[in-house]
Every structure is written in structure tokens, then in C-alpha cells.
Amino acid sequence: VWYNTGVVIRLVEGPIGDEPPRRARPAGHRAFGDEPTTVEPNAGPDIDVNIDANTGSCIGTEDDLWDGTDDDLGEWLRALVWTLGPVAPAICIGSPRQVHLTGEPGGIADGPCRVVNRERAAAAVVLRPSPLRNDEGLVWVPVTTGPAAAVVPAGEERTVTVSLFVPADLPAGRYAGTLDTLATLGAEIPLEVDIRDDR
Amino acid sequence: VTTAEQPHVELDDGGEGRTTGALLGSLVARLQTLQLVSGAQTIGSLVAGLARLGQDAARTAEGARVREALESTRIAANGATLWSTLGMDAAWSRFPPSPVLEDMRNDLALLLAVDLEPVIAEVDVIDPAIHVGPLREAAPIECLDLIVGMWAYSSEIVAVVETLTATATVQEVRAPPFGGSDGPVLR
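Residues numbered from 1 in each chain as written. Chains lettered and ligands numbered in written order. Predicted model: local features only at pLDDT ≥ 70, side-chain atom pairs only at ≥ 80, totals over all residues. Heavy atoms only, no water.

(A) Representation of the nonpolar core in the model. Formed by 29 residues in total, the largest nonpolar core has its most connected members in Leu127(A), Trp140(A), Tyr175(A), Val193(A), Ile195(A) and Leu11(B). At the level of secondary structure, the elements contributing two or more residues to this core comprise strand 4 (99-103), strand 5 (108-117), strand 6 (123-129), strand 10 (148-152), strand 11 (157-165), strand 12 (173-180) and strand 14 (189-195) of chain A together with strand 1 (8-11) of chain B. Broken down by element, this core gets its largest block of residues, four residues, from strand 14 of chain A. Judged by nonpolar contacts, the second largest core, of nine residues, contains Ala121(A), Ala122(A), Val119(B) and Val123(B). (Core = buried A, V, L, I, M, F, W, Y, C linked by side-chain atoms within 4.5 Å. Buried < 20%, exposed > 50% of the residue type's maximum accessible area, 1.4 Å probe, protein only. Helix = DSSP H or I, 4+ residues; strand = E, 2+ residues; numbered from the N terminus.)

Structure, rendered in C-alpha cells:
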């Protein structure tokens, strides 16, 4: 039983292969290996698990499970629990507008970015720039002056500053890339950096 | 420029994913799972999860810089030797990666939740305690001890890795390691 995760796994005692009878896949059915987004609450037994009972590896098809070996049920259950793991809800992130930084060669390119948390739980976010590229194909792998991080309570917002060291020999122009957030769901955050050289 | 038009990032799961109840359920499930899996499985999944996070982080600019800088140090060679000689390459790669970052964020959110007490009061938590044998006499450990310990542990790693990779911040121009580029790389 996975408390309050919305997932119910029903297990039938007996040799694997005899039970349970095959069922039609219900609407909203989620097979193991799908992206763990949201799970319908109280949806009943809604997970297909493809487990190698000896190794715990997820291999083969659903048939491998039901038509599998007569390995000890306890071992099988341990493999099942271990392989599925508890649900870990992930932060969903998106950006309706690109983040824009400005700077000059040999200086720092920076700009503010609000982090608006519309979720019902606090969220810790670290924004990490990807390699940036200009129209001519020049790739700039930026180094940040420090972490652009925020811990945002539910329903609130915080402003972080994204700040990059600009190489002295970086040609002026517009560089585009993304701000990445590790282990989140959602779209990439577009990042644009304008480098002006007034020298 | 109005506030709404300013650059911003939105965190929005539609109100269905990260609720205090769901996060509490995730934590309780992890604690209860510990009684069903072996120590090797637990550690293996944590190691695999950290390694998966490292692979993801290496796709960012700073992660790529750190990894590339480490590749030029003794750490890379000795790590590869230990990895293969002790069979860790074969072992760790077989464990399903634990979502270490999601779990950490979710546990942090629980610690910050304003509605934790009423949610716990409504929850029928069925003995979430971790059952252990009489390994030793109990020495009290508090949640804050763990947090400070994790801070010290991660600070130490950051300090060491940043020290080892400090030379990687030197500006240089060379061939691009990232696909699809036509020009040189500046860092």
C-alpha cells in the first residue's frame, strides 16, 4: 500500500503465472517506465510491472511477469517495491517569457528573473545556464558568478539574479540558450544574452 | 514593462502534484520501503540516482565545465580504476536510480509547509518507524543534526571539486564539445 500516493497495487498470493487473470487496460492506465507525472487517485490496480525476479531489472513485457518463474513471492515483492519506489512529485516549471541578460566583454552579464510559485508546496529552484550560441554558430559556455537559486514558499514569488562572467574576447551580439532546472517537469526556459561592446 | 511582462519562471503543477499530503505520503512510503529492501538495494539506488543526476547536470554549462575539468585530474583515472576493479560499474548500473533531487526538494517543502500539522493530523500514518535491530544503544539524533550534516557534507564536496576545477575557468578558445555548433567555444 502506497499511502496517499494515489497508486494502489493489488497482489494475489500464489504462484506467479496463475494469477491474476489478464485485464483490459483501463483508461488512464500507466505502465511502469512511463514518465511519472500525475497518477489518478483511487484508480485501482493501474500499473504493469515488468520485473526480473532475480535481478529486479525491468525487462521484457507484461507477459514475462505473469508467465514468469515460480520464484519466491517474497523476493518478487521486494523486487517490485524496490523497483517501483515511492512516488516523488516533481516541480513543474515553465516560462511565458524568455529571460534576458545584458553585459559587455570582460564584465558581467546579468538580469533579474522572478520565480513565481503557483504550486501548493514550497519549491527550491536553481537556474543553470546552458551553453549559449550566437547567430554565427559561436558557442559560449558561460561561468556564473554564483548560483541563481531561490526557495519560494507556496503561492509566493522571489526574484533571483542570473549573472554570468563575460569573456573579454567574446564578440558582441545576441547569444541564445536555455536556463535549465534539474529534475523538473515542463518546458525549457529560454535565455537570451545581449553583449554590447562600446569600446 | 509591467510586472506580468517581466521575465519570470512559473512553477505550476495544476495544484495536483505537490501538495503537503502527497509529499508526506512520499516520505512515509520511502520510510516503509526501507523495511522491504536490502541495504545494497537502497545504497545502489541512491548511487545510481546521484549518477543519473550527474549525467543530467553535465548537460548544463557549469556541469559540463566541472566534468571536463575533472577529466584532466587524477580523480578521473583513479575513479575509473576503482570503478572497474571493484565491480562498481557493473553493480551500480543495475540499480534503478532514486529520484534524489526530487526527494530532497519534496522533503524541504515538507519542512517549510505551513499546513503540516493539520495534514498529519488527518493522515492515518501506519507505523512509519524504521525497524532496526539492537545495533547499539540509541544516541539521540535530531532533524536539524541531519540538515547541518548534509550541509557540511555537500559544502565539503563543493569546496573540493571547485578547488580541483578552478583552472577550468581560464578563458580559452577551442573546438566545441556540444553538437551542432559551427564555431569555436569561448568559456
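(B) Structural context of helix 6 (residues 100-112) of chain B. End to end, helix 6 of chain B covers 18 Å across 13 residues, agreeing with the expected 18 Å (1.5 Å per residue, within 8%). Its buried side turned inward, helix 6 of chain B meets strand 6 of chain A together with helix 1 (20-33), helix 2 (39-57) and helix 7 (116-122) of chain B. (Expected span 1.5 Å × (residues − 1). Contact = heavy atoms within 4.5 Å.)

(C) View of the environment of Glu104(A). Residues and elements named next belong to chain A. In this fold, glutamate 104 is placed in the loop between strand 4 and strand 5. According to the relative accessible area criterion, glutamate 104 is partly exposed, its value standing at 45%. Separated by 95 residues in the primary sequence, glutamate 104 and arginine 199 place their C-alpha atoms 9.4 Å from one another. Ignoring any residue separated from it by four or fewer positions in sequence, one finds glutamate 104 in contact with Val166, Ile195 and Arg196.

(D) The arrangement of the side chain of Thr20(B) in detail. Here Thr20(B) lies in helix 1. Here Thr20(B) falls in the buried class, since its relative accessible area comes to 4%. For Thr20(B), the contacting residues outside a window of four places in its chain are Arg120(A), Leu110(B), Ala113(B), Asp115(B), Leu116(B) and Val119(B).

(E) The arrangement of the pairing of strand 4 of chain A in detail. Residue and element names in this part refer to chain A. Side chains Val99, Leu101 and Gly103 of strand 4 all project onto a buried face; the interleaved residues His100 and Thr102 project onto a face where none is buried. Relative to strand 14, strand 4 is paired through five bridges, and the arrangement is parallel. By the bridge assignment for strand 14, glycine 103 is matched with isoleucine 195. (Pairing = 2+ DSSP bridges.)

(F) Local environment of the state of the cysteines. According to the stated counting rule, one finds zero disulfides over all chains in the structure shown. In this structure Cys92(A) is a free cysteine whose sulfur lies 17 Å from that of Cys113(A), the closest cysteine sulfur available. (Disulfide = S-S within 2.5 Å.)

(G) Local environment of the confidence of the model for chain B. All names here are of chain B. Residues with a pLDDT of 70 or more make up 79% of chain B, whose mean pLDDT is 81. Within the model, the stretch residues 168-183 combines pLDDT values under 50 with 39 contacts to residues more than four positions away or in other chains. Our summary of model confidence lists the complex with pTM equal to 0.71 and ipTM equal to 0.77. (pLDDT = per-residue confidence, 0-100.)

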